[in-house]
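Listed below, chain by chain, are the residues.
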Amino acid sequence: MPTNYKAELTGVLGQPVAENPTGVMQEAAFAECGLDWRYLTMEVSPANLGAAMQGVRAFGMRGINLTIPHKVAVIPYLDGLSEEARVIGAVNTVVRRGDELIGENTDGKGFLRGVRQDGGMDPRGKRAVMLGAGGAARAIATELLMAGVTDLLVVNRSVERGEAMVRHLQEGTKGPIRFAPWVGTYAVPGDADLFVNATSIGLYPNVSDCPDVDLVEAKESLLVCDAVFNPPVTGLIAKAKGRGLRVLDGLSMLVYQGVIGFELWTGVKAPEAVMKEALEKALQ
Ligand code: NDP
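Residues numbered from 1 in each chain as written. Predicted model: local features only at pLDDT ≥ 70, side-chain atom pairs only at ≥ 80, totals over all residues. Heavy atoms only, no water.

1. Comments concerning the pairing of strand β5 (residues 93-97)
And step 1. By the criterion of burial, β5 is predominantly enclosed, with four of the five residues buried.
And step 2. Looking at chain direction, strand β3 (residues 63-66) and β5 are connected through three bridges and run antiparallel. By the bridge assignment for β5, Gly-63 is matched with Val-95.
And step 3. As paired elements, β5 and strand β6 (residues 100-104) share five bridges and run antiparallel to each other. Looking at β6, one finds that Val-94 is bridged to Gly-103.
And step 4. Connecting β5 to the next strand, β6, in antiparallel fashion are two residues, including Gly-98 with a positive phi near 65°. (Buried < 20%, exposed > 50% of the residue type's maximum accessible area, 1.4 Å probe, protein only. Helix = DSSP H or I, 4+ residues; strand = E, 2+ residues; numbered from the N terminus. Pairing = 2+ DSSP bridges.)

Structure, rendered in structure tokens:
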């Protein structure tokens, strides 16, 4: 216990937020690194977001995470955005730089770090296929395009939403992104190197749901990734494993987005293994 009771503050604003596991992971990291920092989990309604952001400034908080429904709505309360957050159009991490609050988006960066570190793949020059066109998909797509994939095919149920996202990211990144509607069973093409589920299909409590995809044509080296982290072994991950394919679960993305946030806030190298272990325990 510190003697001056003056801890540095971080936290998450969301609604609902009680089940958000990030605090467990960040508190474990602070303890491991001997940092007198705290991570507060704060339920904030959309009507109170402006007041909460004033509080973040008034309390001199070092950083915050934003989760549903504040990732886009927070932008007017910030002093600046990173290039990625600007293209994505959403912020999941705020960093204090002097008196300024700067919005970052570490979701896609966390995904990418997982692909490189845990999946053993450099996306540069690879062909990627992604299901989904929501917030997670937007962040993942932006980072894949910035990392130099040669083709990114977005497959989504809602044509309007999918086409709008692809148009937006084409303008923002000038990258090779295209769209296909998701009709019936989607057969993952044989030339794809990376396949990502960025929909919420399979998310707890609907754990028996699985994206309607066919992996029969998939090449042996395909890396199958799921953004859904609860449960870590989704229907898709189980199906891909059953076909002998390489997999990357959503826990990897969740841990690394937290690792990147921790390092942005503290400037200290994050204890990745400790964070992962804390998160796995919390989700058990
Ligand atoms: P959104 O609500 O913004 O988007 C949901 C997406 O899923 C849309 O593309 C939607 O398609 C699609 N979808 C949902 N249900 C179905 C269905 N039955 N059939 C076909 N498509 C469907 O959610 P987010 O992008 O914020 O989150 C997506 C997932 O990513 C969640 O499971 C979330 O937990 C996870 N996530 C994981 C993170 C991590 O660190 N691992 C970080 C952030 C998110 P349509 O447009 O047609 O409605």
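2. Points about the sheet that holds β6
And step 1. With mixed pairing, the six strands of this open sheet are ordered in space as β2-β1-β3-β5-β6-β4. If you trace the sheet from one side to the other, it starts and ends with β2 (37-43) and β4 (80-81), each paired once.
And step 2. Against the sheet, helix α1 (residues 22-32) makes contact with β1 (8-14), β2 and β3, and its axis sits at roughly 170° relative to β2, the strand it touches most. (Contact = heavy atoms within 4.5 Å. Axes fitted to C-alpha atoms, helices over the stretch in contact; angles between N-to-C directions.)

3. A short note on the packing of aromatic side chains
And step 1. Tallied over the full model, the rule gives three aromatic pairs.
And step 2. Judged by centre distance (5.7 Å) and plane angle (40°), the rings of Phe-30 and Trp-37 are tilted. With respect to class, Phe-30 is no different from Trp-37; both count as buried.
And step 3. A connected cluster of aromatic rings, assembled from ring pairs, spans Phe-30, Trp-37 and Phe-262. (Phe/Tyr/Trp six-rings, centres within 6.5 Å; stacked < 30°, edge-to-face > 60°.)

4. Description of the side chain of Asn-92
And step 1. With respect to the helices and strands, Asn-92 occurs in the loop between α3 (83-88) and β5.
And step 2. Classification of Asn-92 as buried rests on a relative accessible area of 3%.
And step 3. With sequence-adjacent residues up to four places away left out, Asn-92 is seen in contact with Ile-64, Asn-65, Leu-66, Lys-71, Glu-104, Asn-105, Thr-106, Asp-107 and Gln-257.

5. Here we look at α1
And step 1. Buried within α1 are the following residues: Thr-22, Gly-23, Met-25, Gln-26, Ala-29 and Phe-30. Buried residues in α1, looked at end-on, bunch into an arc of 165°, giving them a common side. Opposite the buried face of α1, at more than 90 degrees from it, the exposed residues are Ala-31 and Glu-32.
And step 2. Tucked inside the fold, the buried residues of α1 contact β1, β2, β3, α8 (250-266) and α9 (272-283).
And step 3. Downstream of α1 by a residue or two, Gly-34 has a phi angle that is positive, lying close to 70°. (Arc of directions from axis to C-beta.)

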